[in-house]
Protein chains: 4
Amino acid sequence: MRFFSDNAAPAHPKVIEAISASNQSSTAYDGDEWSQRLDAAFSTLFEREVRALWVSTGTAANCLALAALCPPYRSIVCHRDAHIEVDEAGAPGFFTGGAKLMLLEGEGAKVDAANVTTALDLIGKDVHQVQPAAISITNATEYGLVYRAHEVAALGELARARGLALHMDGARFANALATSGERPADVTWRAGVDAMSFGFIKNGGLNAEALILFRTELFDEVAVRRKRAGHLSSKGRMLAAQILALLEDGLWLQNARRANETAQLLAQAVPARLAYPVEANEVFLHVTPDEALHLRSQGFDFYDWRPGEIRLVTSWDQEGDPVERLAAAIATL
Amino acid sequence: MRFFSDNAAPAHPKVIEAISASNQSSTAYDGDEWSQRLDAAFSTLFEREVRALWVSTGTAANCLALAALCPPYRSIVCHRDAHIEVDEAGAPGFFTGGAKLMLLEGEGAKVDAANVTTALDLIGKDVHQVQPAAISITNATEYGLVYRAHEVAALGELARARGLALHMDGARFANALATSGERPADVTWRAGVDAMSFGFIKNGGLNAEALILFRTELFDEVAVRRKRAGHLSSKGRMLAAQILALLEDGLWLQNARRANETAQLLAQAVPARLAYPVEANEVFLHVTPDEALHLRSQGFDFYDWRPGEIRLVTSWDQEGDPVERLAAAIATL
Amino acid sequence: MRFFSDNAAPAHPKVIEAISASNQSSTAYDGDEWSQRLDAAFSTLFEREVRALWVSTGTAANCLALAALCPPYRSIVCHRDAHIEVDEAGAPGFFTGGAKLMLLEGEGAKVDAANVTTALDLIGKDVHQVQPAAISITNATEYGLVYRAHEVAALGELARARGLALHMDGARFANALATSGERPADVTWRAGVDAMSFGFIKNGGLNAEALILFRTELFDEVAVRRKRAGHLSSKGRMLAAQILALLEDGLWLQNARRANETAQLLAQAVPARLAYPVEANEVFLHVTPDEALHLRSQGFDFYDWRPGEIRLVTSWDQEGDPVERLAAAIATL
Amino acid sequence: MRFFSDNAAPAHPKVIEAISASNQSSTAYDGDEWSQRLDAAFSTLFEREVRALWVSTGTAANCLALAALCPPYRSIVCHRDAHIEVDEAGAPGFFTGGAKLMLLEGEGAKVDAANVTTALDLIGKDVHQVQPAAISITNATEYGLVYRAHEVAALGELARARGLALHMDGARFANALATSGERPADVTWRAGVDAMSFGFIKNGGLNAEALILFRTELFDEVAVRRKRAGHLSSKGRMLAAQILALLEDGLWLQNARRANETAQLLAQAVPARLAYPVEANEVFLHVTPDEALHLRSQGFDFYDWRPGEIRLVTSWDQEGDPVERLAAAIATL
């Protein structure tokens, strides 16, 4: 029973259908009708004009944005456990041409304005130390915590005051919104976010993420960087079609709600073992190696996060039965 | 009627089916059964052990290979009209970290050993001039010409003698083999090729190309570079499945033959206008701007290659009727 | 007798004295009094406010400027024989993070506006081809030709019209001005130059070049890039002191005049053999390999430029006697 | 009275003389007799064949070595306070093409094998996390602590066991040896060091550091990278001559001893205020901001290291009187 990662879930049937339905076209790259509809679709969602580009991975979406926001000789402030630090094989350094990540502590992989301020204040204002250019946050975080609009706004205000850009890794943005119930606009551009990756792959998509630019003037540069990074698919219509299929009728939010709700079910069944509050679709539990072994022997698949801690992730297609069985299995450990 | 690019063709129905059929899996990235079958499938095709990685574009396939073959401080010898020079937005410079392309002349975008030798001999052997590390050729070339095994072997021998690697951009490798009838092994590793991109997207695939490493020891480095470039799809099984669907039962060769044959039909109908011999699925014709306009007004879509010359590309799904109509239209110009 | 390169000449005695005289200081990097005087000294020379940074090589001066003028994903238009293309080991690609050089033809390594226009017009305006960001010219050129202000102005106008920056490699800027008699301002910023390297090393300096920014707002970025490239000497005062020693009392122009005059002497003695007009301190002669051997056997040292052509360079410390002896030796070949 | 930095000290008179004496040459770059003597001079010092290159800054020496030891997609393990992390403007990222620094804790900026092991063991062995390629240590450290041969050997053994290279930043290597009395060979290559920067600039040199390669096969690559980074001075003889002047007759050790001894004098006068043991030429003292102000008002110049802590650095030309006056001033605070 899969609790390993939402990455491993199948694509939603409507996504497969959309790929098939977009197969015929007379235009390559992003000249097709599906790609051309993205700007409008996301502008509606975000209640203002935005530019949107499809890319095929979250790493590409994050790092193309960061490259546009941070020159090679500056740094990006992020949490020590951020995906861009620990899970992208150094892609930020590659895409930016050598920019550094400046790592912060913070409970549940959450960056807060006070921590950022302290860190920034320690940097000597000279040419010897690398000066920051951007702050990057992940929503929901790598530990499944959700930023509320006011928290992002505090970071946005700080960023503006210090002349920094603000980037959001939204690989699980749907899960965050499904929990907070906030408007997409409130937790992003109204709170000061300049660019974000908007994740679909963990939420029913196959291989399409959206890179959203609130600073629309960055579009041309990012479009060139996308091509230069080998991410301009000649049949990009099938990436756009996936995104549109999930956006339409709110399928993306439905999917995320399903994943979140099953995570809640699990969390409520084993409250004493929770390592973090469960706010999205990730559940971190205190489980000994022996216990983990025992769970695996019963067919549960999950990730050993660190000694004594496991990570369980529910997906858009999560059925209740495995959750109940897992909850029961943990209860009897 | 589409003669603009094989890039714009639909994916083959079996490819769409394969994507759908690979949708369920319990493993992310390339741990799935489809991805795991690639090495064996290509090793069979190439009659020796090779390592194969899926990527989503030809640019990524080319440039990941080049980055493994050429350090940042050296250069890659290629034709002035090579795709890596004119159509990849500088991706070789990005992936390699600044390596140069050293551009050669040559009829029909073909690189020959004599030209390479002359160019290499002009480079001062010191630290002031950039020293070459690799030769890159495209087969079929950007003008639709096909390298035979003995031609590649001459370049392979030269490369070995000079300590250079040999790379093949095989975006239209299927079209080349469909024409030459040569064995994949003979025109690649037996002729000295170290790594190649093996194209499927222009030949019935949706968004999967294969990067083939004949120098199998490069696999680990390339796998890291793929991740670092944002090209490690979490649901990569659907890329592998596309490739397998085309490899099985020789669908890739059937598709290429269809494209080539219809290009021949067209070429034979208008021999006086041919700018280059037609050896694959591209037809370059001498056509004045006025004539081109006239053709377009009749519904034919194609690329203005340069003043007085147009490019027509047939695809795996090419039907005969538009070819006949185009031939007739050109004949009556 | 040295005609190999002005690079190999000694430093002027006043330069050595200046190094010695600046040895005592209480400040590191560029906080010292000599470094602090550079902006004013060059602002006076150029009749407007400029920012000036010392660096220790011409390659560093050129490439730091180019990195500030051209993003990684665009290109720099220059002559095929430009120093940045053939003599800097790919440094432009390194400093810019992968930008391309787009190479032009042109007599005597001179770039003219017509050639640039033709080349620019051939570039497809899309994301597939690399778009230019800057034009770089060398004055005096690698063949010793001198740009007059009106020639630079034509390029400057073109650059502005196309949204490109204009860079000048002034490794032999002194030699150019010594010949043209034009004002530094007229041939640089008034003609549209945005940044330049101002050479001293070939003209009596030891290891100090000046990087001059007419777009003064680039200073902070360039200062960081200088540090990041390992070019912020902790005792930079001795670089500044060299430059000041050569600027004061017009020593830089005196030195250049001496070199140019002796080159003229040589040129006038062997007019039939000249491969290019002699406008600065370089003389290119048609000389067979046998003749070259014969000259070398008499103690003359020079560079074999290409088969049948040699390069002779006079220096700031050029004495007349070797010139006369060389002229005589060539006359009797 | 200067206690700010050994960077700000003058060059030793013999160094200035050596520059002057090497001014005449007939060869550019590193073809001159001084440059050609470096390999032999350092091979003698290190009791085995080494290759040595001059460069003009410690940052260049460090980062050229690191670029040869670490590919762009891997990381370098170092202390959080290492010069390459906090004082080189991100140069390691620039020279390597995007490699990361992986930061360790450790008293006095010292890296020990246990800390490194713990950190390495936490890295997932997959393509998602950046894998290390090298360990870099600074000797003497940024806090003036000295590695003994056995300590380096423990790191060297660990590096070999893990397939990592070992780099030493020897900006104050002379100060380290002056204290430890160990043989250069024992604390470097015999202990597993692959490449090091050997500092002269803080120890009587003007602007010459040596990059020493114990893995001599790296020479060609490093020589190209040096040129490509704009660090191949055309009159490099004056860099080589500085180094030779300091190596000959053991002047480098004499200079370092003088600096260390005066630091000891100071340390012994104010033992209660020492933040770290004083093993080289740096003294870190607990001093309140008010006290610091008071000391400055008496003409003492130093660096505010962090709140409540100042750094005092003695130099090769340190006279005793200011040390005694400073000691007295501190005693009466």
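Criteria and thresholds
Residues numbered from 1 in each chain as written. Chains lettered and ligands numbered in written order. Predicted model: local features only at pLDDT ≥ 70, side-chain atom pairs only at ≥ 80, totals over all residues. Heavy atoms only, no water. Helix = DSSP H or I, 4+ residues; strand = E, 2+ residues; numbered from the N terminus. Rg over C-alpha atoms; globule rule 2.2 N^0.38 Å. Contact = heavy atoms within 4.5 Å. Areas by Shrake-Rupley, 256 points an atom, 1.4 Å probe, with all protein chains shown as cover. Lys, Arg positive; Asp, Glu negative; His and termini not counted. Charge placed at Lys NZ, Arg CZ, Asp CG, Glu CD. Least-squares fit on C-alpha atoms with pLDDT ≥ 70 in both. UniProt positions renumbered as here; feature names shortened; annotations may be inferred. Pairing = 2+ DSSP bridges. Axes fitted to C-alpha atoms, helices over the stretch in contact; angles between N-to-C directions. Buried < 20%, exposed > 50% of the residue type's maximum accessible area, 1.4 Å probe, protein only. Right-handed = clockwise from strand over helix to strand, strands pointing away. Expected span 1.5 Å × (residues − 1). pLDDT = per-residue confidence, 0-100. Buried area = accessible area lost by both parts, 1.4 Å probe. Salt bridge = Lys/Arg side-chain N within 4 Å of Asp/Glu carboxyl O. Polar contact = N/O pair within 3.5 Å; in protein donor to acceptor, adjacent residues only side chain to side chain. Nonpolar A, V, L, I, M, F, W, Y, C, P; charged D, E, K, R; others polar.

A. View of the overall build of chain A. Assigned secondary structure in chain A consists of 13 helices and 10 strands. For 333 residues, the compact-globule formula gives about 20 Å, and the C-alpha radius of gyration of chain A, at 20 Å, lands near that figure. Counting only C-alpha atoms and orienting by the principal axes, one finds that chain A spans roughly 55 × 55 × 30 Å. Sequence-distant contacts in chain A: of pairs separated by 6 or more residues, those separated by 24 or more amount to 75%. Surface summary for chain A: the accessible area is close to 10900 Å², and the carbon and sulfur share equals 50%. Side chains of chain A give 31 positive and 42 negative charges; the mean places of these two sets differ by 4 Å.

B. Structural context of the relation of the copies chain C and chain A. For the match of chain C to chain A, the screw axis carries a shift of 0.0 Å, the RMSD comes to 0.0 Å, and the turn is 180°. Read as a symmetry element, the transformation amounts to a two-fold axis. Looking at the rotation axis and the C-alpha trace of chain C, the residue lying nearest is glycine 97 of chain C, at 3.0 Å. Of all interface residues in chain C, 93% are interface residues in chain A too; the two copies therefore contact each other through one and the same surface.

C. Region of interest: the UniProt feature "domain: Aromatic amino acid beta-eliminating lyase/threonine aldolase" (unreviewed entry) in chain A. The sites that carry the UniProt feature "domain: Aromatic amino acid beta-eliminating lyase/threonine aldolase" (unreviewed entry) are, in the present numbering, residues 3-287 of chain A. Taken as a whole, residues 3-287 of chain A contains 41% helix and 15% strand, while its terminal C-alpha atoms sit 15 Å from one another.

D. Local environment of the sheet that holds strand β4 (residues 131-138) of chain D. Residue and element names in this part refer to chain D. The 7 strands are arranged β1-β7-β6-β5-β4-β2-β3 in an open sheet whose pairing can be described as mixed. At either margin of the open sheet sits one strand with a lone partner, and together these are β1 (51-55) and β3 (100-104). Across this sheet, the average inter-strand angle for adjacent strands is 25°, counted without regard to direction. Where strand β2 (residues 74-79) and β3 come together, 5 bridges link them in parallel fashion. Directly across from cysteine 78, in β3, lies its bridge partner leucine 103. Against the sheet, helix α6 (residues 113-121) contacts β2, β3 and β4, and its axis sits at roughly 125° relative to β3.

E. Examining the pairing of strand β6 (residues 195-198) of chain A more closely. Residue and element names in this part refer to chain A. Because side chains alternate across β6, one face comprises the buried residues Ala195 and Ser197, and the other comprises Met196 and Phe198, equally buried. Remark: the strand β5 (residues 165-170)/helix α8 (residues 173-180)/β6 crossover connection has right-handed handedness. In this structure, β6 lies alongside strand β7 (residues 209-213), joined through 4 bridges in antiparallel fashion. Bridge pairing links serine 197 to leucine 211 in β7.

F. A look at helix α11 (residues 251-269) of chain C. In this model α11 of chain C runs 28 Å from its N-terminal to its C-terminal C-alpha over 19 residues, within 8% of the 27 Å that 1.5 Å per residue would give. All of the buried residues along α11 of chain C are Leu251, Trp252, Leu253, Asn255, Ala256, Ala259, Asn260, Thr262, Ala263, Leu266 and Ala267 of chain C.

G. Representation of the sheet that holds strand β9 (residues 303-306) of chain C. All names here are of chain C. Taken in spatial order, the 3 strands line up as β8-β10-β9 in an open sheet, and their pairing is antiparallel. Lying at the two open borders of the sheet, with one neighbouring strand each, are β8 (282-286) and β9. Along the sheet, successive strands turn relative to each other by an average axial angle of 35°, direction set aside. Taken together, the 5 bridges between β8 and strand β10 (residues 309-313) define a ladder with antiparallel strand orientation. For valine 283, the partnering residue across the bridge sits in β10 and is leucine 312.

H. Main features of the environment of proline 71 of chain C. Residue and element names in this part refer to chain C. Within the secondary structure, proline 71 is located in the loop between α3 (58-69) and β2 (74-79). For the pair formed by proline 71 and alanine 89, sequence separation is 18 residues and the distance between their alpha carbons is 19 Å. Leave out the neighbours within four places in its chain, and proline 71 touches Thr96, Ala99 and Ala133.

I. Seen up close, the confidence of the model for chain A. For chain A, the mean per-residue pLDDT works out to 96, and 100% of the residues sit at or above 70. Both scores are available for the predicted complex, with the pTM at 0.97 and the ipTM at 0.97.

J. The interface of chain C and chain A, seen in detail. Counting residues at the interface gives 15 residues for chain C, matched by 14 residues for chain A. Regarding the contact of chain C and chain A, the summed buried area is about 1400 Å², with carbon and sulfur atoms giving 65% of it. Taken as a group, Tyr73, Val127 and Arg228 of chain C account for 44% of the area that chain C buries against chain A, more than any other trio of residues on that side. Between chain C and chain A we count 0 salt bridges in total. In this structure, the connection of chain C to chain A is made through 6 residue pairs in polar contact (both at pLDDT 80 or more). Of the residues contributing to the side of chain C that touches chain A, the split by class is 8 nonpolar, 3 polar and 4 charged.

K. Focus on the side chain of asparagine 7 of chain B. Residue position: asparagine 7 of chain B is located in the segment before α1 (13-21). Exposure remark for asparagine 7 of chain B: the relative accessible area of 7% places this residue in the buried category. A polar side-chain atom of asparagine 7 of chain B sits 2.8 Å from a polar atom in the side chain of tyrosine 29 of chain A. With sequence-adjacent residues up to four places away left out, asparagine 7 of chain B is seen in contact with Ala28, Tyr29, Ser234 and Lys235 of chain A together with Lys202 of chain B.

L. A look at the relation of the copies chain B and chain A. Once chain B is rotated about the relating axis by 180° and shifted along it by 0.0 Å, it coincides with chain A to within an RMSD of 0.0 Å. In this assembly, 100% of the residues forming the interface of chain B have copies in chain A that are likewise at the interface, indicating an isologous arrangement.

M. Looking closely at the side chain of serine 25 of chain B. Mapped onto the elements of the fold, serine 25 of chain B is located in the loop between α1 and α2 (33-46). Residue class for serine 25 of chain B comes out buried when judged on its relative accessible area of 15%. For serine 25 of chain B, the side chain forms a polar contact with the main-chain nitrogen of threonine 27 of chain B, separated by 3.1 Å. Setting aside anything within four residues of it in sequence, one finds serine 25 of chain B in contact with Arg2 and Ala8 of chain A together with Asp32, Trp34 and Arg237 of chain B.

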